[in-house]
Amino acid sequence: METRAVTLTAAEEGLRLDACLARQLSLSRAFVQTLIREGRATVGGKAVKANYRVSAGELLTVLLPEAAAETTAAEDIPLQIVYEDSDIIVIDKARGMVVHPAAGNRHGTLVNALLHHCHGELSGINGVIRPGIVHRLDKDTSGIMVAAKTDAAHRGLAAQIKAHTARRSYWALVHGNIVETKGVIDGAIGRHPKDRIKMAVVAKNGREAVTHFTVQRRYGEYTWVECRLETGRTHQIRVHMAYIGHPVVNDPLYGYKKDAFPIVGQALHSHTLDLVHPVTGQAMHFEAPAPADFLACLAAAAGSEG
């Protein structure tokens, strides 16, 4: 059992307890909420609820459970490994692969594959359901992502993501002809007020979200863009592009139902990742080439010009 203690500053004043702990300890919010329900997280020695609003100067204490014996099955699933050492592993995730087990997806996930490939040697910070997972890609988004093999590497990578020093770029094929060569979308993202499955740009209670886009090529009624993230909110690119009237092609949540492109899920691909190795300090750049289905979408868009 590991005990972690955090004394809050004015920067955390007014935050929910679960959000504050998730940010301070680089843990998933869902995992933190579980710890709070189990009485493992206290404020000034007293148990409080997840929605408790914290104050500067308060002492938060968390008892982190030891990683349990393997409860997520290791499965021999092929992976496209871009880079690997004793601390991190970089993967080109296939479209259609879920990142970690959840209700309805207990097997066939990236975590199942990583447990087999890494012989169980993954960071335990996010528990036995999400070992090694520092950031995620949607099921139907393909491309580059990094996982941590050790807790130290996990903390280092999470800190870079939190500080926005780990840079990520995505390729997307979107609807419409974007006139600007480049632009910035700055709109806070939160839960959709009417549809709880979706996220949206919201005026209240949203989290800061900034996306930079650059046009790669125009295809008349479609545009191929590169999107660079300053933040990493759920569905950020999909929400932001839909918000400016250019939803991602074939997006089942935020796009047009009439789409008929040769791809399962949204035409979105995690193209590059730049980070500093959390142990050696070396600057590293990784790329995942566009998969065949994304290229087929570009070809279809080009064919529509005539």
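Coordinates for the structure precede this section.
Scope of this entry: the structure provided in the associated data block. Every residue gets a number counted from 1 within its own chain, in the order that chain's sequence is written. Totals for whole chains, interfaces and linings use every residue, but because this is a predicted model, local features are given only for residues with pLDDT of at least 70 and side-chain atom pairs only at 80 or more, for both listing and counting. Processing note: side-chain calculations cover all non-hydrogen atoms of the structure and skip hydrogens and water entirely.

**Let's talk about the environment of Arg 217**
For helices the rule is a DSSP run of H or I covering at least 4 residues; for strands it is a run of E covering at least 2, with both sets numbered from the N terminus onward. Tracing the chain through its elements places Arg 217 in strand β12 (residues 210-218). Between buried and exposed lies partly exposed: a residue is buried under 20% and exposed over 50% of the maximum accessible area for its type, with that area taken using a 1.4 Å probe on protein chains only. Arg 217 gets classed as partly exposed once you look at its relative accessible area, which sits at 43%. Residues Arg 217 and Leu 298, 81 residues apart in the sequence, show an inter-C-alpha distance of 9.5 Å.

**Overview of helix α4 (residues 151-162)**
Taking 1.5 Å of rise per residue, the 12 residues of α4 would be expected to cover 16 Å, and the 16 Å separating its terminal C-alpha atoms lies within 8% of that figure. Turning to α4, its buried residues are Ala 153, His 154, Gly 156, Leu 157, Ala 158 and Gln 160. Buried residues in α4 make contact with β6 (88-93), β7 (142-148) and β14 (268-276). His 164 sits one or two residues past α4 and shows a positive phi near 65 degrees. Expected span of a helix: the number of residues minus one, times 1.5 Å. The contact definition used throughout considers only heavy atoms, calling two residues in contact when any of these lie within 4.5 Å.

**Thoughts on the packing of aromatic side chains**
Aromatic rings from Phe, Tyr and Trp, with only the six-membered ring used for Trp, were paired whenever their centres fell within 6.5 Å, and each pair was classed as stacked if the ring planes differed by under 30 degrees, edge-to-face if by over 60, and tilted otherwise. With the rule as written, the count across this model stands at three aromatic pairs. Relative to Phe 286, the ring of Tyr 83 has its centre 5.6 Å away and its plane inclined at 40 degrees; by these criteria the two rings are tilted. In this pair, Tyr 83 sits in strand β5 (residues 81-84) while Phe 286 sits in strand β15 (residues 283-287), placing the two residues 203 residues apart along the sequence. With relative accessibility at 6%, the residue Phe 286 sits in the buried group. With centroids separated by 5.3 Å and ring planes inclined at 85 degrees, the aromatic side chains of Trp 171 and Trp 224 adopt a geometry described as edge-to-face. Placement of the pair is Trp 171 in strand β8 (residues 167-175) and Trp 224 in strand β13 (residues 222-229), with a sequence separation of 53 residues. For the residue pair Trp 171 and Trp 224, the accessibility class agrees, reading buried in each case.

These figures come from the coordinates and say nothing about function on their own.
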